[in-house]
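Architecture and fold: a report
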Amino acid sequence: MTTTETPTTTTTSTLPPDFLWGFATASYQIEGAFDEDGRLPSIWDTFSKTPGKVEDGTNGDVACDSYHRTGEDIEILKKYGAKIYRFSLSWPRIIPLGGRNDPINEKGLQFYSKFLDDLHAAGIEPFVTLFHWDLPDELMKRYGGMLNKEEFVADYANYARVVFNALGSKVKHWITFNEPWCSSVLGHNTGKHAPGRTSDRTKSPEGDGTREPWIVGHNLLVAHGTVVDIYRREFKEKQGGEIGITLNGDWAEPWDPENPADVEACDRKIEFAISWFADPIYHGKYPDSMVKQLGDRLPKFTPEEIAFVHGSNDFYGMNHYCENYIRNRTGEPDPEDIAGNLDILMEDKNGNPIGPETQCEWLRPFPLGFRKLLKWLADRYNNPKIYVTENGTSVKGESDKPLEEVLNDEFRVQYYRDYIGAMVDAVAQDGVNVKAYMAWSLLDNFEWSEGYRSRFGVTYVDYKNGQKRIPKKSALVIGELFNKYIRKE
Ligand code: PNW
């Protein structure tokens, strides 16, 4: 597939009347109340409290205090005109120890049940993520968490069943896993995310980055397929919802467009990041490029496993932030390599940056890449229904700016204008089937290993003064954009 043609944004592009838009968050990043009403630690509580793991030494103990402020969160969603809201459930609130023989915490279920009722009363449709990285810590200690296929899949299936039984009548859109790539690679290869396992012994006493990410990725796929099967057989008919997985993925441009090896490496980069998960789901097998490079280190699906995994998406959940320049590597791949034997760069051969800097080292905007990646996905996966479940940006130095400048967040406003415009073109000009869009994030929140300094919110959260929420300009611009783009009939 080529990356060279440059589609132009047109002003006449529009979205269909049934297009949905709103905002997204995740439990550990916003809820706080880390030890209230029976909640026990997740791997993120443990990891963030280990010195050196989070840049500013913070954790999610309080975060945005959303556990106590669901009313305020719904108020701002209403004010922004959101039609939908994506949030995640905290497994250790619902089954604090996590396992299939461990007690269920009714208070945890009641909290989410009431929140769902309040959202419906406000006319906002929920999109619910079952797992956004906050694995009950006990399951890590008990059997190695996501590394243990038999135990993890059985416990996750039990958790999902408990949730479908208790909350399923109030939810029509389920997401099984958020970004399995992050749990696999950042959690079990670089060690940047919980549980922080890596081959680097200066960072972790245990871990094997050459094997564990591929095992975890495989186990997450099997767990996803298992739970989709449970939902379809036991709940779908009476509850009438749909279910899918959310994958992260960036666009790739060749470092040297004249070099066919770099052009080819771009597809391989996307295969290692996205098709690792999407190919088994849509095509029933791992990508050839991964089988070739990883050999026996890539687990094999048993016939029973692949039967659950193949065809297991009612929709494709897409998280998208940025792009990179890709330079092919020659020679034998490093056994620790997770990217497809290539360099991931911020500048091309001539030293041109892919986009402006943000607060995050890994994130530089390049909006046209969003359109190109949407088309790439549509071509490879037979034009699936796509929900954009996250898209957004941090702003360089935002935490050090005066409030007035923070609220007038022109950089983020421009990001959303360009990215939403690129998506609208993908739909209107390229025929990609995107049906919903969720901006990341409703609130400034706990940005994992970057702590609170990287702010992704369209709402400023004043952490020093009672977690007060103040809208930034981008919050209102997003609504204006969708009002402009969505056809009335
Ligand atoms: C996603 N990377 O995470 C998550 O789903 C959100 O919870 C998070 O807040 C958001 O994006 C912004 O970071 C990512 O290093 C974390 O490439 C890190 C990376 C990508 C996505």
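Here's a quick rundown of the structure. (Residues numbered from 1 in each chain as written. Predicted model: local features only at pLDDT ≥ 70, side-chain atom pairs only at ≥ 80, totals over all residues. Heavy atoms only, no water.)

**Structural notes on the layout of surface pockets**
- Here the largest pocket is characterised by a volume of approximately 1,200 Å³.
- Taken together, 49 residues form the lining of the largest pocket, with Trp181, Leu186, Lys192, Asp250 and Trp362 sitting closest to its centre.
- Looking at the lining of the largest pocket, the elements that each hand over two or more residues are α8 (180-188), α10 (260-283) and β9 (342-345).
- For the lining of the largest pocket, the per-class residue count stands at 20 nonpolar, 12 polar and 17 charged.
- In this structure, the second largest pocket spans a volume of roughly 350 Å³.
- For the second largest pocket, the lining is made up of 16 residues, of which Thr46, Pro195, Gly196, Arg197 and Ser204 are closest to its centre.
- Among the residues making up the lining of the second largest pocket, the classes are represented as six nonpolar, four polar and six charged. (1 Å grid on protein atoms, 1.4 Å probe; cavity = no way out; pocket = protein on both sides within 12 Å on 5 of 7 lines; lining within 4 Å. Points joined across faces, edges and corners; volume = space filled by probe spheres on them. Helix = DSSP H or I, 4+ residues; strand = E, 2+ residues; numbered from the N terminus. Nonpolar A, V, L, I, M, F, W, Y, C, P; charged D, E, K, R; others polar.)

**Here we look at the sheet that holds strand β6 (residues 251-254)**
- Here three strands make up an open sheet; going across it, the order is β6-β8-β9 and the pairing mixed. Among the strands making up the open sheet, the edge pair consists of β6 and β9. Averaged over neighbouring strand pairs, the angle between their axes works out to 40° when direction is ignored.
- Note: β6 against strand β8 (residues 323-328), four bridges, orientation parallel. Bridge pairing in β8 links proline 254 to isoleucine 326.
- Strands β6, β8 and β9 of the sheet are contacted by α10, whose axis makes an angle of about 125° with β8.
- Packed onto the sheet, helix α13 (residues 368-380) meets β6 and β8 and runs at close to 105° relative to β6. (Pairing = 2+ DSSP bridges. Axes fitted to C-alpha atoms, helices over the stretch in contact; angles between N-to-C directions. Contact = heavy atoms within 4.5 Å.)

**Here's the deal with the side chain of asparagine 219**
- Secondary-structure assignment places asparagine 219 in helix α9 (residues 212-239).
- On the basis of relative accessible area, asparagine 219 is assigned to the buried category, the value being 3%.
- Contacts of asparagine 219, omitting those with residues within four sequence positions, involve Met146, Leu147, Asn148, Lys149 and Val153. (Buried < 20%, exposed > 50% of the residue type's maximum accessible area, 1.4 Å probe, protein only.)

**Regarding the packing of aromatic side chains**
- This structure, assessed with the given rule, holds 47 aromatic pairs.
- Considering the side-chain rings of phenylalanine 23 and tyrosine 80, the 5.6 Å spacing of their centres and the 65° angle between planes classify their relative orientation as edge-to-face. Of this pair, phenylalanine 23 sits in strand β1 (residues 20-24) while tyrosine 80 sits in helix α3 (residues 70-80); the two residues are 57 residues apart in sequence, bridging distant segments of the chain.
- Following the ring pairs from residue to residue traces out a cluster consisting of Tyr28, Trp44, Phe47, Trp133, Phe446, Trp448, Tyr452 and Tyr463.
- Against the face of tyrosine 67 rests arginine 93, its NZ or CZ located 4.2 Å from the ring centre.
- The aromatic ring of tryptophan 255 is capped on one face by arginine 327, whose charged end is 4.7 Å from the ring centroid. (Phe/Tyr/Trp six-rings, centres within 6.5 Å; stacked < 30°, edge-to-face > 60°. Lys NZ or Arg CZ within 6 Å of the ring centre and 35° of its normal.)

**As for empty space enclosed by the protein**
- This model, assessed by the stated rule, comprises three cavities of 30 Å³ or more.
- Volume-wise, the largest cavity comes out at about 100 Å³.
- Taken together, 15 residues make up the lining of the largest cavity; nearest its centre are Ile30, Glu31, Ser66, Phe87 and Phe115.
- Those elements that provide at least two residues to the lining of the largest cavity are α1 (27-30), α3, β2 (84-88) and α5 (106-121).
- Across the lining of the largest cavity, the residue classes break down as eight nonpolar, five polar and two charged.
- Of the pockets and cavities examined, the second largest cavity occupies roughly 40 Å³.
- Classifying every residue of the lining of the second largest cavity gives two nonpolar, four polar and four charged.

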